[in-house]
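# Examining the three-dimensional arrangement
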Amino acid sequence: MSDIVRFTISLESDLLEAFDRFVQQGKFATRSEAIRQLIHDVLTRQAWASAAGQASGILTLVYDHHRTQVQQKLVQLQHDSTDCVVATLHVHLDHDLCMEAIALCGQPSRLQEIASELRGIKGVHKGELVMASAHRH
């Protein structure tokens, strides 16, 4: 674990008030915890945008399992991407809808490509790729 370094920042009072509301609504223990989370989020987005190195994320899909061949297409695309698909969680939401959470790891551009292909399948109502982390080597 790295050393903790204390530093000071200057903010306008209205910005600090808005940030304190963010801290409270987000249930952060301290302002420092909120700042740490925001910095991690920005650095992760930056690493994903640069398409350098390895990254990980979760693709969440909601789809109608009654649509013709939607499940077969989802499974086939995942099998075609075994280099990046780490695991899949399948959840039955109701009689018609299913949700899949697909853990991905690999080049950011490749993960975005897989997400686009899976979201584009007919019968998929919603698909969202959330960046979990970027690994620096």
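Residues numbered from 1 in each chain as written. Predicted model: local features only at pLDDT ≥ 70, side-chain atom pairs only at ≥ 80, totals over all residues. Heavy atoms only, no water.

## Looking at the overall build of the protein
Put simply, the test is: Helix numbers and strand numbers start at the N terminus; a helix is a DSSP run of H or I with at least 4 residues, a strand a run of E with at least 2. Put simply, the radius of gyration uses C-alpha atoms, and a globule should come to 2.2 Å times the residue count raised to 0.38. For every residue, the accessible area (1.4 Å probe, protein chains only) is compared with the maximum for its type, and the residue is labelled buried under 20%, exposed over 50%, or partly exposed between those bounds. Only heavy atoms matter for contacts: two residues are in contact if any of them lie within 4.5 Å across the pair. Just so you know, the count uses Lys and Arg for positive and Asp and Glu for negative, and it drops His and the chain ends. Charge placement uses NZ in Lys and CZ in Arg. For Asp and Glu, CG and CD serve respectively.
Within the protein one finds four helices and four strands. Written out in order from the N terminus, the α and β elements of the protein read α-α-β-α-β-β-α-β. Its C-alpha atoms give the protein a radius of gyration of 19 Å, clearly above 14 Å, the size a compact globule of 137 residues would have. For the protein, the C-alpha atoms occupy an extent of roughly 55 × 35 × 25 Å along the three principal directions. Considering the protein as a whole, with its 137 residues, one finds that 25% of them fall into the buried category. Taking contacts inside the protein between residues at least 6 apart in sequence as the whole, the part at least 24 apart equals 66%. Of the side chains in the protein, 13 bear a positive and 16 a negative charge, and the two mean positions are spaced by 2 Å.

## Notes on the pattern of salt bridges
Pairing between side chains of opposite charge can happen when their charged atoms approach one another. What counts, and what does not: The working definition used for a salt bridge is a side-chain nitrogen of Lys or Arg within 4 Å of a carboxyl oxygen of Asp or Glu.
Taken as a whole and judged by the stated rule, the model has five salt bridges. Its salt-bridge partner being Asp20, residue Arg31 comes within 2.7 Å of it at the nearest N-O pair. Of this pair, Arg31 sits in helix α2 (residues 31-50) while Asp20 sits in helix α1 (residues 13-25); the two residues are eleven residues apart in sequence, bridging distant segments of the chain. You can call Arg31 partly exposed: its relative accessible area is 43%. A salt bridge links Asp83 to Arg110; the nearest nitrogen and oxygen atoms lie 3.6 Å apart. With a gap of 27 residues between them, Asp83 in the loop between α3 (70-79) and β2 (85-92) and Arg110 in helix α4 (residues 108-119) connect regions that are remote in the sequence.

## Some remarks on α3
Basically, it comes down to this: Note that the arc is defined by the directions from the helix axis to the C-beta atoms.
Val70, Leu74 and Gln78 are the residues of α3 that are buried. One side of α3 holds all its buried residues, which, seen down the axis, span an arc of 65°. Within α3, the exposed residues directed more than 90 degrees away from the buried face are Gln72 and His79.

## A look at the pairing of β2
Heads up, the rule is: Only strands joined by at least two bridges in the DSSP assignment are considered to pair.
Strand direction decides the pairing type here: β2 and strand β3 (residues 97-106), joined by seven bridges, are antiparallel. Opposite Leu89, over in β3, you have Ala101 as the bridge partner. Between the end of β2 and the start of β3, which pair antiparallel, lie four residues.

## Things to note about the packing of aromatic side chains
Our working rule: What counts as a ring pair is set by centres within 6.5 Å for rings of Phe, Tyr and Trp (its six-membered ring), and what kind of pair is set by the plane angle: stacked under 30 degrees, edge-to-face over 60, tilted for all other angles.
Within the structure shown, the criterion is met by two aromatic pairs. Clustering of aromatic rings is evident, with ring pairs tying together Phe19, Phe22 and Phe28.

## Points about the nonpolar core
For clarity, the threshold we go by: By nonpolar core we mean a set of buried residues, namely Ala, Val, Leu, Ile, Met, Phe, Trp, Tyr and Cys, connected to one another through side-chain atoms within 4.5 Å.
Ranked by size, the top nonpolar core spans 19 residues in total, and within it Leu59, Leu61, Leu74, Ile102, Leu104, Leu118 and Val124 carry the most contacts. Counting residues per element, the ones that place at least two in this core are β1 (54-64), α3, β3, α4 and β4 (124-135). Excluding residues that lie within four positions of it along the chain, Ile102 makes contacts with Gly57, Ile58, Leu59, Leu61, Gln78, Val85, Ala87, Thr88 and Leu118.

## Topic: the environment of Lys126
Counting through the fold element by element, Lys126 comes out in strand β4. For Lys126, a relative accessible area of 47% corresponds to the partly exposed category. For the pair Lys126 and Leu15, spaced 111 residues apart in sequence, the C-alpha separation works out to 34 Å.

## Considerations on α1
As a reminder of what qualifies: Helix span is expected to be 1.5 Å times the residue number reduced by one.
With 13 residues, α1 extends 18 Å between its outermost C-alpha atoms, agreeing within 8% with the 18 Å of an ideal straight helix rising 1.5 Å per residue. Note on α1: the residue one or two positions beyond its end, Lys27, has a positive phi of about 60°.

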